[in-house]
Amino acid sequence: ATRLCNLFSLLAELTLVPWLAFFDGRGFSRTVRDALRLAANADDDPDLEDCWLPFFCVTTNLTLQRGETRAAGSLPFAVRASMSVAELLPPCRDPE
């Protein structure tokens, strides 16, 4: 969380020519992944199926132009993909 509040970290993530977004999203993705690993007490990325409460999130598939519900797969990817704000963070590429 301190990385996201640090002005120099945010300035380092600014893109020179914002084609898709103003920030490249690497630091934000890393912070989400690290926070979820810490919460799950895991060394590897936790899965959506490993949550102790049933969890799903809604993401947008820009290629097919529709919303999709995710209930399986990588938890950090699903959370990060559902948090992409247009013009601020770039879209995520599905690892599957």
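The structure contained in this document is the topic of the report that follows. Note that the structure is a prediction, hence the values are computed from the model and not measured.

**A short note on the side chain of Arg70**
Moving on, step 1. Note on placement: Arg70 falls in strand β2 (residues 66-70).
Moving on, step 2. Among the polar contacts listed, one links the side chain of Arg70 to the side chain of Asp94, at a separation of 2.9 Å.

**Some remarks on the side chain of Asn61**
Moving on, step 1. Looking at where Asn61 falls in the secondary structure, it is placed in strand β1 (residues 57-61).
Moving on, step 2. A residue is classified by how much of its surface remains accessible, and Asn61, at 18% relative accessible area, is buried.
Moving on, step 3. Side-chain polar atoms of Asn61 contact the backbone nitrogen of Thr63, separated by 3.0 Å.
Moving on, step 4. Not counting residues up to four positions away in its chain, the partners in contact with Asn61 are Arg66 and Glu68.

**Quick word on the pairing of β1**
Two faces make up the sheet, and in a regular strand the side chains alternate between them.
Moving on, step 1. Going residue by residue along β1, you find Cys57, Thr59 and Asn61 tucked away on one face and Val58 and Thr60 left uncovered on the opposite face.
Moving on, step 2. In textbook terms, the turn of a hairpin is the stretch between consecutive antiparallel strands, and for β1 and β2 this stretch comprises 4 residues, one of which, Gln65, has a positive phi near 55 degrees.

Each value, and the rule that gives it
For every chain, the first residue of the written sequence is number 1, and numbering continues from 1 along that sequence. Per-residue local features of the predicted model are confined to residues with pLDDT of at least 70, and side-chain atom pairs are confined, for both listing and counting, to 80 or more; whole-chain, interface and lining totals are unaffected and use all residues. In computing side-chain values, all of the structure's heavy atoms are included and hydrogens and water are not. Strands are runs of DSSP state E lasting at least two residues, helices are runs of H or I lasting at least four, and both sets are numbered from the N terminus onward. Within 3.5 Å is the distance limit for a polar contact, defined as a pair of N or O atoms, with the added protein rule that one can donate a hydrogen and the other accept it, and that residues adjacent in sequence qualify only through two side-chain atoms. The buried label applies to any residue whose accessible area, calculated with a 1.4 Å probe on protein chains only, is under 20% of its type's maximum; exposed applies above 50%, and partly exposed to all values in between. We call two residues contacting when some pair of their heavy atoms lies within 4.5 Å. By the convention used here, strands pair only if DSSP detects at least 2 bridges between them.

Read these as geometric descriptors, not functional statements.
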